[in-house]
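# Residue-level structural notes
Residue-level listing of the chains:
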Amino acid sequence: MDPKTRFDSIRLGRLSLSFRKRNKMGFPVANRLAAQAAASSGRGRIERVLFLSTVWPERSSSAAGVRTSDLVKSFLELDVAVDFAASAAIDEQSKPHVDALEGLGVRSHHVLPNREDQFVATLGRTRPDVVVFDRFYVEEMFAWMVGKHAPNAMRVLDMQDVHSLRGWREKRLSELLEMQTGPIDLGSVLSAVPPATYDPCLRELSSIYRSDISLVCSPREMEMLTGAFNVPPRLLAEAGFFSDGQRDCGQDFASRKNAIMIGNFLHPPNKDSVIWACTELWPAIRAQIGDDARLDVYGAYCNEQALISKIGKPEKLGVRLCGWLPSLDALSDYRLLFAPLRFGAGLKGKVVDAWEHGLPVVTSVIGSEGMGVKDGRGDNGQDSWGGAGTATTAQQLIDDTVRLYTQPDAWSAAQTRGKDLLAALYDRRTNLAHLHARINAIHADVPAHRNGNYVGALLAQNSHRATEYLSRWIELKNKS
């Protein structure tokens, strides 16, 4: 494999039983569990955590950035020292995000994947008890050096979503579009599971096995990993979003108007959904709800000219391209969040953002996956979800949008259900306490935890040796 291909940074439902039965523990309880576990094993509490990433977390432009920032803050709230190292340069564009981290008390470090001497120095300065890899390809880059120079540090893989699932679904959608003879059924995309011959899937599974624990965002993906892929549950922890609940939004149905789409344009599913919405869905919706209705499209890193070349003149479609959204408070002015996703994976941060601002969501089965009872399909149809999340076709998305946009009672009921789902699925204190209890329990006796992971040890021995020598070759090549 070409070294650049291997090491280039990528730029771009069901309620689980454990979540329903979980006690609402706060951080004091998590601290107590950590102390008990440490006392029983003789290993001290977690004092220092090092996050490793290819990018600096952008809380204002992506759901992944929000979630990573929340994890960082959760360790700080437990009086744990946090360092954040990224291979992305600290430049004019990234400096505000670095400053935001340092404002929290986090030390920042610039590291390169093929500079062992530099990385060893960073490990020496940070002396981590726990290392968190932000996505599987970061584990590929750095885990061999962590294992070599900080072998006692617990290794945590934060998956964000199952990247290989998203890639395989995109491939399946492309196949359906190529042979399209009628309306595309997104249920076929939803059910697509990467085969054992799909290289990105094998790489991601290898990273999971090599790590002491992997954080899985979606309960649907947890089911896939433990079911179809037979990953031992002891190597996984469910870690979705961390919400403070629905705010006092004030505005009612009558005072809100228009629909909004939000999403980082570096994320392929978001870009695809905007093009589909503007070229096929929104014109048909607007024909039924009135020409005065507008679709406002927000998202960081939008190349407007390239997008216009795909959709035509936005003003003729009743669409406004608005660029980066400076504050999520603007969501309270809209009547609906529109998210017609045709592929993707993980949980959708935009859905949580909308519910927090009292905004019902219209999305596909891809967008609602893992975010409610039976992926948004309750026993009473839409009655279990905070909007409409059962659509598998364009026409169903159109019908769902018209219904919620024009029916005050349906809209109000969806707003209330969104509030209930936030509390049931994404309560900040509950989810973080559960997560830290899992991490602390493993950290209390990492050697015992690793002793049973034969597959992980085998993969670490073989994969990491190959990666180490490839990295050394690149390092020498760059120095010459």
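Predicted model, so just to flag it, every value in this text is computed and none were measured.

## Points about the pattern of salt bridges
Under the counting rule described, the total for this entry stands at 22 salt bridges. Among the ionic pairs, Glu175 bridges to Lys171, the shortest N-O distance being 3.1 Å. Taken together, the residues span about one helical turn, with Glu175 and Lys171 both in helix H8 (residues 163–178) at a distance of four residues. Residue class for Lys171 comes out partly exposed when judged on its relative accessible area of 38%. In this structure, Arg342 engages Asp272 in a salt bridge whose closest nitrogen and oxygen atoms are separated by 2.9 Å. On the criterion of sequence distance, the pair formed by Arg342 in the loop between strand S11 (336–339) and helix H15 (349–356) and Asp272 in helix H12 (residues 268–289) is long-range, its members being 70 residues apart. Here the two residues Arg342 and Asp272 agree in accessibility, since each one is buried. Sharing partners across several salt bridges, the network here consists of Arg59, Asp70, Asp244 and Arg428.

## Some details on H8
Here H8 is 16 residues long and its end C-alpha atoms lie 23 Å apart, about the 22 Å a rise of 1.5 Å per residue gives. Looking only at H8, the buried set comprises His163, Ser164, Leu165, Arg166, Arg169, Leu173 and Leu176.

## Focus on the sheet that holds strand S5 (residues 154–158)
Spatial ordering of the open sheet is given by S3-S2-S1-S4-S5-S6-S7, a layout of seven strands whose pairing is parallel. Each edge of the open sheet carries a strand with a single partner, namely strand S3 (107–110) and strand S7 (236–238). Neighbour to neighbour, the strand axes of the sheet diverge by 25° on average, direction disregarded. Sheet topology places strand S6 (residues 213–216) next to S7; three bridges connect them, and they run parallel. Looking at the pairing, Ser214 lines up with Leu236 of S7. Here helix H4 (residues 63–77) sits on the sheet in contact with strand S1 (48–53), strand S2 (81–86), strand S4 (130–134), S5 and S6, set at roughly 150° to S2.

## Re the sheet that holds strand S13 (residues 387–391)
Here we have six strands laid out as an open sheet, ordered S10-S9-S8-S11-S12-S13, and parallel in their pairing. Only two strands of the sheet have a single partner each, and these edge strands are strand S10 (319–323) and S13. If you compare each strand with its neighbour and ignore which way they point, the axes differ by 20° on average. Alignment of strand S9 (residues 295–298) against S10, held across four bridges, turns out to be parallel. Bridge pairing in S10 links Asp296 to Arg320. In the packing of helix H17 (residues 394–406) onto the sheet, contacts are made with strand S8 (259–262), S11, strand S12 (361–364) and S13, and the angle to S13 comes to roughly 165°.

## Here we look at the environment of Pro233
When you line up the elements, Pro233 lands in the loop between helix H11 (219–226) and S7. Considering only alpha carbons, one finds Pro233 and Glu223, ten residues apart in sequence, at a separation of 9.7 Å. With residues near it in sequence (within four places) discarded, Pro233 still touches Thr226 and Arg438.

## Describing the packing of helix H7 (residues 136–149) against helix H10 (residues 199–210)
In contact at an axis separation of 9 Å, H7 and H10 are set at 60° when each is read in the N-to-C sense. Classified by the interaxial angle, the pair formed by H7 and H10 is oblique. Judged by the twist between their axes, the crossing of H7 over H10 is left-handed. Of the residues in H10, those in contact with Phe136, Tyr137, Glu139 and Glu140 of H7 are Arg203, Glu204, Ser207 and Arg210. Here the contact of H7 with H10 is composed, by residue class, of two nonpolar, one polar and five charged.

## Some details on unusual backbone geometry
Keep in mind that most residues, glycine aside, have a negative phi and that most peptide bonds are trans. Of note in this structure, Arg135 is not a glycine but carries a positive phi near 90°. The topology assignment puts Arg135 in the loop between S4 and H7. Even without being glycine, Gln160 reaches a positive phi, approximately 65°. Inspection of the secondary structure assignment puts Gln160 in the loop between S5 and H8.

## Let's talk about the packing of aromatic side chains
One pass over the structure, following the stated rule, counts nine aromatic pairs. Judged by centre distance (5.7 Å) and plane angle (70°), the ring pair of Phe253 and Trp411 falls under edge-to-face. Taken together, the residues Phe253 in the loop between S7 and S8 and Trp411 in helix H18 (residues 408–425) connect sequence positions 158 residues apart. An identical accessibility class is assigned to Phe253 and Trp411; each is buried. Ring centres of Trp355 and Trp385 lie 5.2 Å apart, and the angle between their planes is 70°; on these two criteria the pair is classed as edge-to-face. Of this pair, Trp355 sits in helix H15 while Trp385 sits in the loop between helix H16 (365–368) and S13, and the two are 30 residues apart along the sequence. Both residues of the pair, Trp355 and Trp385, count as buried. Among the aromatic residues, those joined into a ring-pair cluster are Phe51, Trp56, Phe75 and Phe84. In this structure, Arg335 packs its charged tip against the face of Phe253, placed 4.0 Å from the ring centre. Here Arg335 stacks its cationic end above the ring of Tyr405, 4.7 Å away from the centre of that ring.

What counts, and at which threshold
- Residues numbered from 1 in each chain as written.
- Predicted model: local features only at pLDDT ≥ 70, side-chain atom pairs only at ≥ 80, totals over all residues.
- Heavy atoms only, no water.
- Salt bridge = Lys/Arg side-chain N within 4 Å of Asp/Glu carboxyl O.
- Helix = DSSP H or I, 4+ residues; strand = E, 2+ residues; numbered from the N terminus.
- Buried < 20%, exposed > 50% of the residue type's maximum accessible area, 1.4 Å probe, protein only.
- Expected span 1.5 Å × (residues − 1).
- Pairing = 2+ DSSP bridges.
- Axes fitted to C-alpha atoms, helices over the stretch in contact; angles between N-to-C directions.
- Contact = heavy atoms within 4.5 Å.
- Parallel < 35°, antiparallel > 145°, perpendicular 65-115°, else oblique.
- Left-handed = near helix turned anticlockwise from the far one by under 90°.
- Nonpolar A, V, L, I, M, F, W, Y, C, P; charged D, E, K, R; others polar.
- Phe/Tyr/Trp six-rings, centres within 6.5 Å; stacked < 30°, edge-to-face > 60°.
- Lys NZ or Arg CZ within 6 Å of the ring centre and 35° of its normal.

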